[in-house]
Amino acid sequence: MAENPLRTTYTVDSLLAVTVEVFNTRGYDGTSMEDLSRAAGISKSSIYHHVRGKEELLRLAVGRALDGLFAILEEPEAQQGRPVDRLEHVVRRTTEVLLAELPYVTLLLRVRGNTGTEQWALERRRDFDHRVAELLKDAVAAGELRADVEPRLATRLLFGMINSIVEWYRPGGSSADGVPDALVRMAFDGLRA
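Residues numbered from 1 in each chain as written. Predicted model: local features only at pLDDT ≥ 70, side-chain atom pairs only at ≥ 80, totals over all residues. Heavy atoms only, no water.

### As for the overall build of the chain
Next, step 1: When helices and strands are tallied, the chain shows 11 helices and 0 strands.
Next, step 2: The order of helices and strands in the chain, counted from the N terminus, is α-α-α-α-α-α-α-α-α-α-α.
Next, step 3: Projecting the C-alpha coordinates of the chain onto the three principal axes gives extents of approximately 60 × 35 × 30 Å.
Next, step 4: In the chain, which comprises 193 residues, the share counted as buried stands at 46%.
Next, step 5: For the chain, the accessible surface area stands at approximately 10000 Å², while carbon and sulfur atoms represent 51% of it. (Helix = DSSP H or I, 4+ residues; strand = E, 2+ residues; numbered from the N terminus. Buried < 20%, exposed > 50% of the residue type's maximum accessible area, 1.4 Å probe, protein only. Areas by Shrake-Rupley, 256 points an atom, 1.4 Å probe, with all protein chains shown as cover.)

### Topic: the pattern of salt bridges
Next, step 1: Under the defined criterion, the tally for this structure stands at 16 salt bridges.
Next, step 2: In this structure, E101 and R64 form a salt bridge, with 2.8 Å as the shortest nitrogen-oxygen distance. With a gap of 37 residues between them, E101 in the loop between α6 (83-100) and α7 (102-110) and R64 in helix α4 (residues 54-74) connect regions that are remote in the sequence.
Next, step 3: Put simply, E144 and R82 hold a salt bridge, and the shortest N to O gap is 3.8 Å. Of this pair, E144 sits in the loop between α8 (116-141) and α9 (151-163) while R82 is found in the loop between α5 (76-79) and α6, placing the two residues 62 residues apart along the sequence.
Next, step 4: Overall, the relative accessible area of 43% leaves R82 in the partly exposed class.
Next, step 5: It is possible to trace a salt-bridge network through shared partners that takes in R26, D35 and R38. (Salt bridge = Lys/Arg side-chain N within 4 Å of Asp/Glu carboxyl O.)

### What about the packing of helix α1 (residues 12-26) against α7?
Next, step 1: Orientation of α1 relative to α7, taken along the N-to-C sense of each, is 50°, at an axis distance of 9 Å. With respect to each other, α1 and α7 are oriented oblique. Crossing of α1 over α7 shows left-handed handedness. Contact residues: α1 offers D13, L16, A17, V20, F23 and N24, while α7 offers P103, Y104, T106, L107 and R110.
Next, step 2: Of the residues assigned to the contact of α1 with α7, the class counts are 7 nonpolar, 2 polar and 2 charged. (Axes fitted to C-alpha atoms, helices over the stretch in contact; angles between N-to-C directions. Parallel < 35°, antiparallel > 145°, perpendicular 65-115°, else oblique. Left-handed = near helix turned anticlockwise from the far one by under 90°. Contact = heavy atoms within 4.5 Å. Nonpolar A, V, L, I, M, F, W, Y, C, P; charged D, E, K, R; others polar.)

### What to know about the confidence of the model for the chain
Next, step 1: On average, residues of the chain score 91 in pLDDT, and 92% of them reach the 70 mark or higher.
Next, step 2: Mean pLDDT values for the elements of the chain range from 87 in helix α11 (residues 178-191) up to 98 in α5.
Next, step 3: Here residues 2-8 is a poorly scored stretch, pLDDT under 50, and it has 13 contacts once near neighbours within four places are set aside; other chains count. (pLDDT = per-residue confidence, 0-100.)

### A few points about α6
Working note: α-helix, 3.6 residues per turn, so residues spaced by three or four point in the same direction.
Next, step 1: End to end, α6 covers 25 Å across 18 residues, agreeing with the expected 26 Å (1.5 Å per residue, within 8%).
Next, step 2: The buried fraction of α6 amounts to 13 of the 18 residues, a majority that puts the element mostly inside the structure. (Expected span 1.5 Å × (residues − 1).)

### With respect to the packing of aromatic side chains
Next, step 1: Using the criterion set out here, one finds 4 aromatic pairs in the structure.
Next, step 2: Centre to centre, the rings of F70 and F128 are 5.6 Å apart; their planes meet at 70°, and the pair counts as edge-to-face. One end of the pair, F70, is in helix α4; the other, F128, is in helix α8, and 58 residues separate them in sequence.
Next, step 3: Assessed through its relative accessible area of 11%, F70 is described here as buried.
Next, step 4: Judged by relative accessible area, which is 2%, F128 ranks as buried.
Next, step 5: Each member of the aromatic cluster is reached from another via a ring pair, and the members are F70, F128 and F159. (Phe/Tyr/Trp six-rings, centres within 6.5 Å; stacked < 30°, edge-to-face > 60°.)

In C-alpha cells:
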C-alpha cells in the first residue's frame, strides 16, 4: 500500500477509511499505530488527536457496519406487511448495505472476539442474526416459506450467501446493481412454500 501524501487536515471519517483498509490488509492484530500513521501520512500524535487508540478505531469501523445493518430492521418495509416480504426486504437491503459499506462489513466479518470491541461486535452480529431468524420463523409459521428447512439453518445459509460477497466482489468489476436481486431470487425461489 502506498503512503498517502501528508494532509493538512484529517477527519475521523478519512482516518477511518485508511484504518479499515490497513486492518483488512494486515489484520487488526497485525497492525500497529505506526502502520496506521504511515498509511495515513500523518504522525501518531495526530491520530491520537482524533481517537484514543487502535481499538477505538476498530469500534468506530465495525460500529459503522453494524449501524447500517440495524437501521434496516427499523425501515417500514422490515416492520410492516407479510413476514416473507419483510424478510425479503431485509435480505435485499443487507446485501445493499454490504456492497455500499464493503470495507467496513469485511472488517466486521473478520473480527474473532480477541478484544472487548470484537466481543461487542460479535454480540451485536448475533443479535442481528437472531432478529432475522425470528422473521424467518414468522414466515414459516405463516406458511409463506418451506417448513422442512429448520429456520436457524436457513438463516445461516442466507447469511453465508450474503457474507460470501466480501470474498469475491470487487467494486468497479461486476455491477453491484444486479447482486441484491440475484441473491434474493436464488434464496427465495428455494425457500418459498
